[in-house]
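One-letter residues, chain by chain:
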Amino acid sequence: MHSDDPYAMAAYVKLLVADAERSASFYELLGFSRIHQDPVFVHLRWARHADLFLVATPPGVSLSGQRGLGVIVCFSAAGDRGIETIAARASAAGAAVDGPREQPWHTREVVVTDPDGYRLCFVEPSTPLQG
């Protein structure tokens, strides 16, 4: 199966965004692939079964306050999409970047804030995984 082929999703995240095209471009800069787009939403994929939907805020609706307060959406990072690369790309785009940091639960993580204020955490193991 090709990574863009449709499949049933057991879980996914939907984020309300002010400007879907601006947000989608930011996510693509980090390494997401645009799978589908229509006037209401953009379907992005980090990896198989790691899908994200950016949903345009309906006209006339105003969302006040910090978006996603208390929520961090996490993605596994590796290879050419490792956390140093992601941190550098996000920083070059003017995004807030926290890390990379070693965590006591045996991971290295970087937290990036997207254009709407949502926080994304990209995670790599800090020690080799045991089989």
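Procedures and definitions
- Residues numbered from 1 in each chain as written.
- Predicted model: local features only at pLDDT ≥ 70, side-chain atom pairs only at ≥ 80, totals over all residues.
- Heavy atoms only, no water.
- Core = buried A, V, L, I, M, F, W, Y, C linked by side-chain atoms within 4.5 Å.
- Buried < 20%, exposed > 50% of the residue type's maximum accessible area, 1.4 Å probe, protein only.
- Helix = DSSP H or I, 4+ residues; strand = E, 2+ residues; numbered from the N terminus.
- Salt bridge = Lys/Arg side-chain N within 4 Å of Asp/Glu carboxyl O.
- Phe/Tyr/Trp six-rings, centres within 6.5 Å; stacked < 30°, edge-to-face > 60°.
- Pairing = 2+ DSSP bridges.
- Axes fitted to C-alpha atoms, helices over the stretch in contact; angles between N-to-C directions.
- Arc of directions from axis to C-beta.
- Polar contact = N/O pair within 3.5 Å; in protein donor to acceptor, adjacent residues only side chain to side chain.

1. Observations regarding the nonpolar core
The biggest cluster of nonpolar side chains holds 27 residues, and the ones touching the most others in it are Tyr27, Leu30, Phe32, Leu54, Phe75, Val112 and Phe122. Elements with a contribution of two residues or more to this core: strand 1 (13–17), helix 1 (20–30), strand 3 (41–47), strand 4 (50–56), strand 5 (72–76), helix 2 (83–92), strand 7 (107–113) and strand 8 (119–125).

2. A word on the pattern of salt bridges
Evaluated as defined, the whole model comprises 8 salt bridges. In this structure, Arg34 and Glu21 form a salt bridge, with 3.0 Å as the shortest nitrogen-oxygen distance. Residue Arg34 is found in strand 2 (residues 33–37), and its partner Glu21 is found in helix 1; the two are separated by 13 residues along the sequence. Across the pair Glu84 and Arg108 runs a salt bridge, and its minimum N-O distance is 2.6 Å. Note that Glu84 is positioned in helix 2 and Arg108 in strand 7, a separation of 24 residues in sequence. Given the relative accessible area of 41%, Glu84 is considered partly exposed. One connected set of salt bridges, linked through shared partners, spans Glu84, Glu102, Arg108 and Glu124.

3. What to know about the packing of aromatic side chains
Under the criterion given, the structure shown has 10 aromatic pairs. Arranged with centres 4.9 Å apart and planes meeting at 55 degrees, the rings of Phe32 and Trp46 form a pair that is tilted. Pair noted here: Phe32 is in the loop between helix 1 and strand 2 and Trp46 is in strand 3, with a separation of 14 residues, a long-range link. Side by side, Phe32 and Trp46 carry an identical accessibility label, which is buried. Ring plane angle 55 degrees and centroid distance 6.0 Å describe the contact between Trp46 and Phe75, whose orientation is recorded as tilted. With Trp46 in strand 3 and Phe75 in strand 5, this residue pair connects regions lying 29 residues apart in the sequence. Taken together, the ring pairs in this structure connect Phe26, Tyr27, Phe32, Trp46, Phe75 and Phe122 into an aromatic cluster.

4. What to know about the sheet that holds strand 2
In spatial order, the strands read 1-4-3-2; together these 4 strands make up an open sheet with mixed pairing. Edge positions in the sheet fall to strand 1 and strand 2, since each of these pairs with one other strand and no more. The mean angle between the axes of side-by-side strands here comes to 25 degrees, regardless of whether they run parallel or antiparallel. Examined bridge by bridge, strand 3 and strand 4 share 6 bridges and lie antiparallel to one another. Within the sheet, the bridge partner assigned to Ala47 lies in strand 4 and is Ala50.

5. A few points about helix 1
Here helix 1 has its buried residues at Ala20, Ser23, Ala24, Phe26, Tyr27 and Leu30. For helix 1, the angular spread of buried residues about the axis comes to 160 degrees, placing them on one side. For helix 1, the side-chain oxygen to backbone nitrogen distance between the N-cap and Glu21 is 3.2 Å, and the N-cap itself is Asp19. Of the residues flanking the end of helix 1, it is Gly31, one or two places downstream, whose phi is positive at about 130 degrees.

6. Observations concerning unusual backbone geometry
Looking along the chain, the bond that leaves Gly99 and enters Pro100 is cis, with omega of 5 degrees. Inspection of the secondary structure puts Pro100 in strand 6 (residues 97–103). The backbone of His49 sits at a positive phi, close to 70 degrees, despite the residue not being glycine. Mapped onto the secondary structure, His49 falls in the loop between strand 3 and strand 4. Of note in the backbone geometry, His106 takes a positive phi value of approximately 70 degrees without being a glycine. Note on placement: His106 falls in the loop between strand 6 and strand 7.

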